[in-house]
Amino acid sequence: MTVHELHLGVNVLSDGMHPAAWRHSSANPHWFTDPAYWIDIARAAERGTLDALFLADSPSLFQEPDQPLVAPPLALDPIVLLSTLASVTTHLGLIGTVSTSFEEPYNVARRFASLDHLSRGRVAWNVVTSSDPFAWQNFGHGPVPDEQPPRAERYGRAAEFIDIVRALWDSWDDDAVLADKRTGAFSRGLFRREYTSTTLRGHLGLARVPDRRSRVVSRSA
Ligand SMILES: Cc1cc2nc3c(=O)[nH]c(=O)nc-3n(C[C@H](O)[C@H](O)[C@H](O)COP(=O)(O)O)c2cc1C
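What this report covers is the structure whose coordinates are included nearby.

About the thresholds
Residues numbered from 1 in each chain as written. Predicted model: local features only at pLDDT ≥ 70, side-chain atom pairs only at ≥ 80, totals over all residues. Helix = DSSP H or I, 4+ residues; strand = E, 2+ residues; numbered from the N terminus. Contact = placed C-beta atoms within 7 Å. Buried ≥ 20, exposed ≤ 12 C-beta atoms within 10 Å, placed from the backbone. Axes fitted to C-alpha atoms, helices over the stretch in contact; angles between N-to-C directions. Parallel < 35°, antiparallel > 145°, perpendicular 65-115°, else oblique. Left-handed = near helix turned anticlockwise from the far one by under 90°. Pairing = 2+ DSSP bridges. Expected span 1.5 Å × (residues − 1). Arc of directions from axis to C-beta. Right-handed = clockwise from strand over helix to strand, strands pointing away.

1. Observations concerning the environment of valine 216
The residue valine 216 is located in strand E9 (residues 216-218) in this model. Look past the residues within four positions of valine 216 in its chain and what remains in contact with it is Ala124, Trp125, Val127 and Ile162.

Right, dumping it as structure tokens:
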């Protein structure tokens, strides 16, 4: 008999999923930057035996910049926030969204690898390419579609970006660190793999969490 597993998680958006949730009589409109609010949710998710807490993200206000904000934004950087939540939970999975369009692979690989260590192997990266036109304007592009990279270009960059991040996560052999106090050899000095493309060649500055394979998820097409 095939046994199917059901995995449950929670997707937390600022002060709530509904744009007017912050107006509820029991809501505090300033919660979206309050660490206590996020910590309460993470602890409740863990108590409720959910598998993971998910943070969406876009580096923008999702609206015209000269208009007043209508709802609390996705304000806190997901990786920074997940770092706080990792320290107050022990087994809850932590999934953070980072776009491949406004970062360099090394930075993303390093941040997730760091968070994976700090959370003892509970992290996954939700990859997006950012179709949000307001995000593109925050990175020097114009407001109309012609002034922003077409979809195929976004996804082409994303495919290579993910390959490079995975290669960087795997750039240390599991037994690369010797830490031999007697001989003074800290590592073997040779890493198993180098990623070489036209734009990048190198290693990540830290080994992955032992016995962990990289985890990448995506809500994009
Ligand atoms: C349920 C759901 C959640 C999404 N969350 C995010 C997100 O957190 N950040 C983001 O930039 N895009 C998010 N997206 C957008 C997708 O990544 C994708 O860009 C969008 O569906 C437009 O498609 P395209 O990129 O193929 O043009 C989400 C899409 C869906 C359906």
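And the narrative resumes.
2. Considering unusual backbone geometry
The backbone phi angle of arginine 120 is positive, close to 55 degrees, even though this residue is not glycine. Mapped onto the fold, arginine 120 is located in the loop between helix H3 (105-118) and strand E4 (123-128). In this structure arginine 120 comes out as exposed when scored by C-beta crowding, with 12 C-beta atoms within 10 Å. Unlike most non-glycine residues, serine 130 shows phi in positive territory, near 65 degrees. As for its position among the elements, serine 130 is in the loop between E4 and helix H4 (133-137).

3. What to know about the packing of H3 against helix H5 (residues 151-169)
Between H3 and H5, whose axes approach to 9 Å, the crossing angle comes to 50 degrees. In terms of orientation, H3 lies oblique with respect to H5. Note on packing geometry: the crossing formed by H3 with H5 is right-handed. Residues Pro105, Tyr106, Val108, Ala109 and Ala113 of H3 lie in contact with H5, whose contacting residues are Phe161, Ile164, Val165, Leu168 and Trp169.

4. Comments concerning the pairing of E4
Within a regular beta strand, the side chains point alternately toward one face of the sheet and then the other, so they alternate between its two faces. Most of E4 sits out of view: five of its six residues are buried. Strand direction decides the pairing type here: strand E3 (residues 93-99) and E4, joined by six bridges, are parallel. Considered in E4, the bridge of isoleucine 95 is made with alanine 124. Strand direction decides the pairing type here: E4 and E9, joined by three bridges, are parallel. Note on E9: the bridge partner recorded for tryptophan 125 is valine 216.

5. What about helix H1 (residues 35-47)?
Side chains three or four residues apart in an α-helix point the same way, a direct result of the helix having 3.6 residues per turn. The end-to-end C-alpha distance of H1 is 18 Å, a good match for the 18 Å that 13 residues give at a rise of 1.5 Å each. Among all positions in H1, only Trp38, Ala42 and Ala45 are buried. Buried residues along H1 cover an arc of 60 degrees about the axis, so they all sit on one side. What points out from H1, more than 90 degrees from its buried face, is the exposed set Ala36, Ala44 and Arg47. Elements that come into contact with the buried residues of H1 comprise strand E1 (9-11), strand E2 (52-55) and helix H2 (78-87). Trailing H1 by a residue or two, threonine 49 shows a phi angle of about 60 degrees, which is positive.

6. Here's the deal with the pairing of E2
Relative to E2, E1 runs parallel, the two being bridged by three bridges. Counted as the bridge partner of valine 10 is leucine 53 from E2. Handedness of the crossover joining E1 and E2 through H1: right-handed. Across four bridges, the pairing between E2 and E3 is parallel. Looking across to E3, one finds that leucine 55 is bridged to glycine 96. The handedness of the E2 to E3 crossover, carried by H2, is right-handed.

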